[in-house]
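What follows is each chain in one-letter form.
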Amino acid sequence: MEYLYFIQQLINGITLGSIYGLIAIGYTMVFGIIGMVNFSHGDIFMVSAFIALIVFLVVTTWLGIASVFIAVLLMLIISMALAGLWNWAIEKVAYRPLRGSFRLAPLISAIGVSLILSNFVQVAQGPRNKPVPPLFNDTIQLATWDGFTAVLAYKQIAIVLITAILLAGFWYIVQKTPLGRAQRACEQDRKMAALLGIDVDRTISATFVMGAALAAVAGTMYVMYYGVISYQDGFIPGIKAFTAAVLGGIGSLPGAVLGGLLIGLIETFFSGYFSLAYKDVAAFSILVVVLIFMPQGILGRPEVEKV
Amino acid sequence: MASSEVLRVEHLTVRFGGLTAVDDLNFSAMHGDITGLIGPNGAGKTTVFNCITGFYKPTTGLLSMTHPSGRQFYLDRMADFKVASTAHVARTFQNIRLFSGMTALENLLVAQHNVLMRASGMSVWGVLGFPVYKHAEKRAAEKAAEWLDKIGLYDRADDPAGELPYGAQRRLEIARAMCTDPVILCLDEPAAGLNPKESAELNTLLRGIRDETKTSILLIEHDMSVVMQICDHVVVLEYGQKISDGTPAEVKADPRVIAAYLGVDDSEIESVASLIEEAIPGVKKS
Amino acid sequence: MAERRNIVLGAAAVAIVSLGMFGPLIGLKTEQNMANELVLLFRPWHMLAAIFGAVAIYVIVTSLKAANEGRVRAVAVKTEKSRFQKWLAPGGLGALFLYPLFIALFVGVSGIPKWVDNFGILILIYVMLGWGLNIVVGLAGLLDLGYVAFYAIGSYSYALLSLHFGWSFWICLPVAGILAALWGVILGFPVLRLRGDYLAIVTLAFGEIIYLIAKNWKNFTGGGAGISAPRITFFGIKFDASENGFAAWVSWVMTSISETFGGPAITLAHAPWYRTVFLYYIIVLLALLTAYVTLRLRRLPVGRAWEALREDEIACRSLGLNTTNTKLTAFACGAMFGGLAGAFFGARQGFVDPEGFKFIESAIILAIVVLGGMGSLIGVAMAAVAMQGGTEILRELGFLKQVFGDDFQPELYRMLIFGGAMVIIMLWKPRGFVSVRQPTAFLNERKAIGLENVKEGHG
């Protein structure tokens, strides 16, 4: 019983952590490349979840496609594309003109965008929670003992698998392609990269699009997993994903995923063993403690003070 | 001139990871002297400075300072701001660090922070508008004005420091350090980027500081004309180690110093070239 | 000609992009039907309107830009203050004190709840919070994203102290300020050695932790349901219709005075707006206290140290400034004013619940400070009036229902427009409304410093 419960929490924590990790990558990449805390990223996640929900409804109720596989595939592709488009447009309108300006200007602009996105969705889609009909609820019963059954849902497997596949693809882009090289170069020294002929604007745009696409994967998973979404659901996952990015070491991609998994696990274990109400307090306390004692995060590079 | 030691550096070693920036350095500076610290780029001069001013903690070694009053301080054990506030070591920076959005006058008032803070009764008397603080502030402003006059910036007292020309910023940074009433003034390449005229003015200013305020000066400099003209005593570093120590004339004549600045000796060129040829076949000496 | 072609092409691109952006989110609305199932509602006209709007904005902005191109802006150098600037502060103060009278005269007593309470008091709370945060962000350059925590601590201090100890507002007010300052120090001590955006994130986390605790610790804070806080009294005299109430007391005083001179008895009937006006003057005084202390501190060594810290922390340490203490004082001062505002807020509401202390409030206050121009009191006040008052006016746009139909709720658009204004103002004036800094001391003449030289700090 005890250990079954533990395993169940572990499964749930990894699922949740995958979602956080996917969002965290967007934060960590944008921070790495332009040193900006992209406050609206959590809301991009929420917008993408709404797009996925709408695609799901179009596919199932209008087109009458019954295959879950096709439905999920369409949800993923369309919400990744459209969330990328959103973030591309936002970066172009609200952040690019402020690049090289004062440090707080893009931050305030991003907070403004965050307000715009959540309230836009509230106006466009209504303020109520949107329940989604369950997608595929089949589960594998792992073991039963003393009345408690540890369950592994197919959608949990799907979430972790899709996360892993997309991360691998993404890792390939960053490590092996010219675009990834340009991104890493901009991260090191934007001015020098521009002097060497890298189109910095386009590289940064691409970073925003990639971040949004990964957030859209998370958004689709979120809709599938929880089966409900509302216009307010961007903020808390966004903050937690940011916590994950910082915990893993901001600027580090494996760090973001690791941080996401840790935050997911901490949250589920804390709510499983201690208190559901204070699970967010636990997550934020971890953030504070990590930043105070290990400001560079788990996989980040330590910062040396230059005199 | 004075003869007592104001600063003694003993067995100073600083390591950053695997890199030894300063290696078992020993030297001392006399009270009232201008002591020059020279050496090629990367010799560890600024690291020594950062240890003396408390910004870096040495890996091993002792930094002791003796005030003219006889009070002793161990700089390696003090927090950086305490080095400035109680041991009275002031410094300037290689890349100027003025408060660029504040006026020249405000820069000099910030330097007198600890004195003014006491006068304002930790701000309590100040907020209530007691005259104690007003007098203190007036004295501080007078002192600042005096220094501004000395560095020729009286007329620009109310301009933001960031708008002053480069040479003026260098001088203002020195004046700001002097407003803390230092016993040792550490200058990190004060003549960098100055034209010959400004450089000559700087020499006059530094000599004036030494002679009028009896402040001991520690100086990192690449400009040999400055070093040779104003230093009383020069310490030469290379790769973190001291290679020479003495009066400017002595140091100038030291073959090791010449070797450090010019690379290897002429007589050795033949042997080095043949070594290269041995290592990489096909490379012909030109 | 080529320009016009570019605009047409650009507009086409904008149309396509906005079709992608707004197509699903506006064109397809998710709604629940009677069986509680989610269904889609196709709204082509809404979608087209949104796309048309995006294209129109694009065309207008691009043409304006094209028209402005090549026009050289004259750089005005002014050392003398204009007459407007000279009279701004005293004029503003006068207007502030006469405002309720003005409303009573021109709108009538019935307008007081709306114009004095919703506009006057609410905006002044934000002015005060903006000025308090300005000490931390604008002067000391420490980015605090959890400022609302201290506002919450002030509010709960007032509610809990008066609940458990029966203390009056006037005792609770300074205690709430001190408690908030104390929390500022407690929270500040471990985090102030962090640099850069990390400080911002830790303060954000603290803000959220305080909010979550307020929401979940039901035995102590009342949880989401909140706790009641006693309404404000006129130095112990309640604003009610009873015999010991404010109206009766004023009648008694007036009558006594009048009778001494042989006049008739004067009676004052009870009205609820007495309390509103009293609250208005309290917040005016609290806000002015904040401004006064800030102005005073700026001219003291501690204030100069804050600004020096914003400019260059390492240089500060080289001059013997204890930067930790300097940061802590800034944090504590800012927190104290936040706490005072919080206690006032509790007394105004007569009720404290966690919903007023969400992250969004911190973001709004920070936005007010940055939009106003960091460090400038006038700028921050202007930003508070513009942002808070401006969006409050949206609540008044009921007549738009006649244009857009009864389903149209203008207040829904309030935060949307607030967010839009934040972005637009940042694009237009990245350093805020007032982009000069007044020096704290001068030798020959006082010259304002352009903010292009002033740093923003890195904490």
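**Q** Would you explain helix H14 (residues 359–372) of chain C in this entry?
**A** Note on helix geometry: an α-helix contains 3.6 residues per turn, so any two residues three or four positions apart are oriented the same way. Residues and elements named next belong to chain C. Between its terminal C-alpha atoms H14 stretches 20 Å, which fits the 20 Å expected from 14 residues at 1.5 Å a residue. For H14, the buried fraction is high: 13 of the 14 residues fall into the buried class. Count one or two residues on from H14 and you reach Gly373, which has phi positive near 105 degrees.

**Q** Looking at this structure, I do not really get the domain arrangement of chain B. What am I missing?
**A** One frequent convention defines the size of an interface as the accessible area lost when the parts assemble. Residue and element names in this part refer to chain B. For chain B, the assigned domains read domain 1 (1–88 + 182–253) and domain 2 (97–180). Contacts between domain 1 and domain 2 engage 20 residues on the former and 12 residues on the latter. Across the domain 1/domain 2 interface, buried area totals approximately 1,200 Å², and carbon plus sulfur atoms make up 69% of it. Between the two partners, domain 1 and domain 2, sit 2 salt bridges. The partner of Arg171 in a salt bridge is Glu201, and the shortest N-O contact between them spans 3.4 Å.

**Q** Any chance you could explain the packing of aromatic side chains here in plain terms?
**A** Working definition: an aromatic ring pair is given by the centre-to-centre distance plus the angle between the planes. Residue and element names in this part refer to chain C. A complete count under the given rule lists 33 aromatic pairs over all chains for this structure. Relative to Phe331, the ring of Phe150 lies with its centre 6.2 Å away and its plane at 85 degrees, an arrangement referred to as edge-to-face. Within this pair, whereas Phe150 is found in helix H5 (residues 148–165), its partner Phe331 is found in helix H13 (residues 323–349), the two being separated by 181 residues in sequence. Phe331 shares its class with Phe150; the two are buried. Here the aromatic rings of Phe345 and Phe357 are separated by 6.3 Å at their centres, their planes lie at 75 degrees, and the arrangement is edge-to-face.

**Q** Explanation requested: the sheet that holds strand E3 (residues 34–38) of chain B in the structure shown.
**A** Note on sheets: strands pair through backbone hydrogen bonds, and any given pair is parallel or antiparallel. All names here are of chain B. Taking strand neighbours across the sheet as the criterion, the 6 strands line up as E6-E7-E8-E3-E9-E10 in an open arrangement whose pairing is mixed. Single-partner strands in this sheet number two, and they are strand E6 (89–91) and strand E10 (241–246). Between one strand axis and the next, the sheet turns by 20 degrees as a mean value, whatever way the strands run. Of the strand pairs in this sheet, E3 and strand E9 (residues 233–238) are connected by 4 bridges, and their pairing is parallel. Bridge pairing links Gly36 to Val234 in E9. With respect to the sheet, helix H1 (residues 45–52) is in contact with E3, E6, strand E7 (184–188), strand E8 (216–220) and E9, its orientation differing from that of E8 by roughly 145 degrees. Of the strands in this sheet, E6 and E7 are in contact with helix H7 (residues 166–178), which crosses E7 at around 160 degrees.

**Q** Hey, could you run me through the interface of chain A and chain C in this one?
**A** In this assembly, 68 residues from chain A lie in contact with 64 residues from chain C. Both faces considered, chain A and chain C share a buried interface measuring about 5,900 Å² in area, 75% of it formed by carbon and sulfur atoms. Looking only at chain A, the three residues that lose the most surface to chain C are A:Phe102, A:Arg103 and A:Ile108, adding up to 11% of its buried area. Across the chain A-chain C interface, the total number found is 0 salt bridges. On inspection of chain A and its partner chain C, the count reaches 7 residue pairs in polar contact (both at pLDDT 80 or more). Elements that contribute at least two residues to the side of chain A that touches chain C include exactly helix H2 (41–62), helix H3 (68–95), helix H4 (104–125), strand E1 (130–131), helix H9 (235–248) and helix H11 (279–293) of chain A. Looking at the side of chain A that touches chain C residue by residue, the classes come out as 50 nonpolar, 11 polar and 7 charged.

Each value, and the rule that gives it
Residues numbered from 1 in each chain as written. Chains lettered and ligands numbered in written order. Predicted model: local features only at pLDDT ≥ 70, side-chain atom pairs only at ≥ 80, totals over all residues. Heavy atoms only, no water. Helix = DSSP H or I, 4+ residues; strand = E, 2+ residues; numbered from the N terminus. Expected span 1.5 Å × (residues − 1). Buried < 20%, exposed > 50% of the residue type's maximum accessible area, 1.4 Å probe, protein only. Domains from an automatic or database assignment. Contact = heavy atoms within 4.5 Å. Buried area = accessible area lost by both parts, 1.4 Å probe. Salt bridge = Lys/Arg side-chain N within 4 Å of Asp/Glu carboxyl O. Phe/Tyr/Trp six-rings, centres within 6.5 Å; stacked < 30°, edge-to-face > 60°. Pairing = 2+ DSSP bridges. Axes fitted to C-alpha atoms, helices over the stretch in contact; angles between N-to-C directions. Polar contact = N/O pair within 3.5 Å; in protein donor to acceptor, adjacent residues only side chain to side chain. Nonpolar A, V, L, I, M, F, W, Y, C, P; charged D, E, K, R; others polar.

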